[in-house]
Amino acid sequence: MADRARTLSAKEIARINSEHLLTTPLRPADLLFVFGTRDGVEERIDAAVSLWHRQYCRWLLVSGGMTPGSDLTECRILKDGLVARGVPAELILEEHRATNTGENVIFSLPIIEAKIGLNKIRSVICLGNFWTSRRYPMTLHRHWPDPEKMLVVVNHYNVPNDLWHTDAELSSRVLSEWAKIEPYKARGFIAEWP
């Protein structure tokens, strides 16, 4: 990880903050799209539960395949945590096969269509890791451009989001994700957003 040792200029940090580590205004949405994770699982569950309890979503979709070292999918682990904290199981759509962000979206769309109808979803909140940030709605926008997309991120590192560049591991993750944006756009994996 060569980026880990690299010192970033204030200009580079500002550009990454403004172009990749975005925040969006948040308003109630039809669907909360919870992207699977192996990192920060409790923080992801806490954020989803908070959004649901504050009535920011009608439906939740949890997507994620098998987690190495576990007999459970990311979806199962996240859904079980949501239900244990009071989210009704019947409001949670499940996708258990995805192994990457593109598959999260591609495999979930037919599930949404069958249960709710894609045309009935006008707005989606994407919930994922801080360092991946903009790539979640960009991936969703590539495959499902119609609904409005909002973004909520969680950071399980003991570093405030605005100081990400001061932590070697978090900085490495942010820089790795930032480096993927242009190649992924060129390959058609993601679409420009916002």
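Quick look at the structure, then. (Residues numbered from 1 in each chain as written. Predicted model: local features only at pLDDT ≥ 70, side-chain atom pairs only at ≥ 80, totals over all residues. Heavy atoms only, no water.)

## A closer look at the nonpolar core
Ranked by internal contacts, the top residues of the largest apolar core, which has 24 residues, are Leu32, Leu60, Leu82, Ile125 and Leu127. Of all the elements, helix 3 (residues 41-53) adds the most residues to this core, at seven residues. Setting aside its immediate chain neighbours within four residues, Leu32 contacts Ala48, Leu51, Cys57, Trp59, Leu60, Leu61, Ile125 and Leu127. In this structure, Leu22, Val105, Leu109 and Ile116 belong to the second largest nonpolar core, which totals 21 residues. (Core = buried A, V, L, I, M, F, W, Y, C linked by side-chain atoms within 4.5 Å. Buried < 20%, exposed > 50% of the residue type's maximum accessible area, 1.4 Å probe, protein only. Helix = DSSP H or I, 4+ residues; strand = E, 2+ residues; numbered from the N terminus. Contact = heavy atoms within 4.5 Å.)

## Focus on the sheet that holds strand 1 (residues 29-35)
Read across the sheet, five strands follow the order 3-2-1-4-5 without closing on themselves; strand pairing throughout is parallel. Every interior strand has two partners, whereas the edge strands, strand 3 (92-95) and strand 5 (148-154), have only one. Direction aside, the axes of adjacent strands within the sheet are offset by 20° on average. Bridge count between strand 1 and strand 2 (residues 57-63): six bridges; the pairing is parallel. (Pairing = 2+ DSSP bridges. Axes fitted to C-alpha atoms, helices over the stretch in contact; angles between N-to-C directions.)

## Side note on the pattern of salt bridges
Scanning the model with the defined rule gives 16 salt bridges in all. Across the pair Arg27 and Glu148 runs a salt bridge, and its minimum N-O distance is 2.3 Å. With Arg27 in the loop between helix 2 (10-19) and strand 1 and Glu148 in strand 5, the pair connects residues that are 121 residues apart, well separated along the chain. A salt bridge links Arg173 to Asp39; the nearest nitrogen and oxygen atoms lie 3.0 Å apart. Linking Arg173 in helix 7 (residues 168-186) with Asp39 in the loop between strand 1 and helix 3, this pair joins segments that are 134 residues apart in sequence. Given a relative accessible area of 27%, Asp39 falls into the partly exposed group. Here the residues in one salt-bridge network are Arg76, Lys79, Asp80 and Glu94, joined through shared partners. (Salt bridge = Lys/Arg side-chain N within 4 Å of Asp/Glu carboxyl O.)

## Details of the environment of Cys126
Locating Cys126 in the fold gives a position in strand 4 (residues 123-129). Cys126 sits in the buried class, given a relative accessible area of 0%. Dropping the residues within four chain positions of it, Cys126 is found in contact with Phe33, Phe35, Tyr136, Pro137, Leu140, Met150, Leu151 and Val152.

## Regarding the packing of aromatic side chains
Within this structure, the stated rule accounts for four aromatic pairs. When the centroid spacing of 5.6 Å and the interplanar angle of 80° are considered together, the rings of Trp131 and Tyr157 count as edge-to-face. Taken together, the residues span a long stretch of sequence, with Trp131 in the loop between strand 4 and helix 6 (135-143) and Tyr157 in the loop between strand 5 and helix 7 at a distance of 26 residues. Taken individually, Trp131 and Tyr157 each receive the classification buried, so the pair is uniform in this respect. (Phe/Tyr/Trp six-rings, centres within 6.5 Å; stacked < 30°, edge-to-face > 60°.)

## Digging into the pairing of strand 5
Of all seven residues that make up strand 5, five are buried, and the element is covered over most of its length. Once the chain exits strand 4 it traverses helix 6 before rejoining the sheet at strand 5, and the crossover so formed is right-handed. (Right-handed = clockwise from strand over helix to strand, strands pointing away.)

## Re unusual backbone geometry
Residue Trp193 is joined to Pro194 through a cis peptide bond whose omega torsion reads -5°. Position of Pro194 among the secondary structure elements: in the segment after helix 7. Unlike most non-glycine residues, Gln55 shows phi in positive territory, near 65°. Within the secondary structure, Gln55 sits in the loop between helix 3 and strand 2. A positive phi angle, close to 30°, is found at Ser133, a residue other than glycine. Within the secondary structure, Ser133 is located in the loop between strand 4 and helix 6.

Shape descriptors only; they carry no functional weight alone.
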